[in-house]
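Chain residues, written in single-letter form:
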Amino acid sequence: DTGVSQDPRHKITKRGQNVTFRCDPISEHNRLYWYRQTLGQGPEFLTYFQNEAQLEKSRLLSDRFSAERPKGSFSTLEIQRTEQGDSAMYLCASSTTRQGFSGNTIYFGEGSWLTVV
Amino acid sequence: GESVGLHLPTLSVQEGDNSIINCAYSNSASDYFIWYKQESGKGPQFIIDIRSNMDKRQGQRVTVLLNKTVKHLSLQIAATQPGDSAVYFCAENLQGAQKLVFGQGTRLTINP
């Protein structure tokens, strides 16, 4: 059973450096989401894709953040010029519109921890 | 802004007892609700979901109840086990939107 896969699981970077996270969704899931979670808080929505189209972006996604899903399969989330406030867990999730239950269950990966020092 | 909240940040129960975790939501336009379990250092794990046209849904050892009149959601876990220890989040999805709004979570601790 292949779930949502994220890489790397942990990243420590110096302030000002760029980092990139990769997400591989569940096979054949056409929707892919990025969320951010800080300690003691629930995940916060960042952006989502349907196939290769990025359909919504949160205000949390500043200009330093960019997400892509070029072929409608895996996705990358890049953070440029990292700041200490970017330290968080970045969660990827996926779902499909193809199942009968129209609420389309959203499944999360294990997350990528970012620490900016 | 409107958001999902939880009544209690922590809950301790005896092993074998039933647990009830509560959640209040404020957005009447939300039509889909999910409960997630999150263990330390891991991503949220789907437990059970419910749509707004239902008031109860059962899974294996878990039941979700939805009271739209008072905008309340609860998760009942039967015969709580040590492996149930985790933080539990409820999340709501606004009708027509594709993003979940999470509450802060309730930490469930199982006492032996």
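Going by the structure above, here's the rest.
The model shown is predicted, which means the values in this text are computed figures rather than measured ones.

### As for the sheet that holds strand E7 (residues 65-68) of chain A
All names here are of chain A. The sheet built from 4 strands is open, its strands ordered E1-E3-E8-E7 with antiparallel pairing. Both edges of this open sheet fall to strand E1 (5-7) and E7, since each of them pairs with a single strand only. Strand-to-strand twist in this sheet, taken as the mean axis angle between neighbours without regard to direction, amounts to 15 degrees. As paired strands, E7 and strand E8 (residues 75-79) are joined by 4 bridges and run antiparallel to one another. Of the residues in E8, the one forming a bridge with Phe-65 is Ile-79.

### What about the state of the cysteines?
All chains considered together, the criterion is met by 2 disulfides over all chains. One disulfide bridge connects Cys-23 of chain A with Cys-92 of chain A, the sulfur atoms lying 1.8 Å from each other. Its torsion about the S-S bond being -70 degrees, the disulfide of Cys-23 of chain A and Cys-92 of chain A is classed as left-handed. One end of the pair, Cys-23 of chain A, is in strand E3 (residues 19-24); the other, Cys-92 of chain A, is in strand E9 (residues 88-95), and 69 residues separate them in sequence. Disulfide pairing places Cys-23 of chain B opposite Cys-90 of chain B at an S-S distance of 1.8 Å. Its torsion about the S-S bond being 55 degrees, the disulfide of Cys-23 of chain B and Cys-90 of chain B is classed as right-handed. Remark: Cys-90 of chain B occurs in strand E9 (residues 86-94) and Cys-23 of chain B occurs in strand E3 (residues 19-25); sequence separation between them is 67 residues. For the pair Cys-23 of chain B and Cys-90 of chain B, one class covers both residues: buried.

### Things to note about the pairing of strand E11 (residues 106-111) of chain B
Residues and elements named next belong to chain B. Burial of the side chains of E11 is restricted to one face: Thr-106, Leu-108 and Ile-110 are buried, whereas none of Arg-107, Thr-109 and Asn-111 on the reverse face is. Alignment of strand E2 (residues 10-14) against E11, held across 5 bridges, turns out to be parallel. Within E11, the position partnered with Leu-11 by the bridge is Leu-108. As defined by bridge partners, E9 adjoins E11 across 3 bridges and the pair is classed as antiparallel. Within E11, the position partnered with Val-87 by the bridge is Arg-107.

### Remarks on the side chain of Asp-31 of chain B
Residue and element names in this part refer to chain B. Structurally, the position occupied by Asp-31 is in strand E4 (residues 30-38). Taking the relative accessible area as the measure of exposure, Asp-31 reaches 11% and is therefore buried. A distance of 3.3 Å separates a polar atom in the side chain of Asp-31 from a polar atom in the side chain of Arg-51. The contact partners of Asp-31, leaving out residues within four places of it in the chain, are Ile-50, Arg-51, Ser-52, Asn-93, Leu-94 and Gln-95.

### Focus: the nonpolar core
Grouped together as the largest cluster of nonpolar side chains are 20 residues, with contacts concentrated most on Ile-21, Trp-35, Leu-73, Leu-75, Tyr-88 and Leu-108 of chain B. Setting aside residues up to four positions removed in sequence, Leu-73 of chain B forms contacts with Ile-21, Asn-22, Cys-23, Phe-33, Trp-35, Ile-50, Val-64, Leu-65, Leu-66 and Cys-90 of chain B. Grouped together as the second largest cluster of nonpolar side chains are 19 residues, Cys-23, Ile-26, Leu-77 and Val-116 of chain A included.

Reading the values: the criteria
Residues numbered from 1 in each chain as written. Chains lettered and ligands numbered in written order. Predicted model: local features only at pLDDT ≥ 70, side-chain atom pairs only at ≥ 80, totals over all residues. Heavy atoms only, no water. Pairing = 2+ DSSP bridges. Helix = DSSP H or I, 4+ residues; strand = E, 2+ residues; numbered from the N terminus. Axes fitted to C-alpha atoms, helices over the stretch in contact; angles between N-to-C directions. Disulfide = S-S within 2.5 Å. Buried < 20%, exposed > 50% of the residue type's maximum accessible area, 1.4 Å probe, protein only. Polar contact = N/O pair within 3.5 Å; in protein donor to acceptor, adjacent residues only side chain to side chain. Contact = heavy atoms within 4.5 Å. Core = buried A, V, L, I, M, F, W, Y, C linked by side-chain atoms within 4.5 Å.

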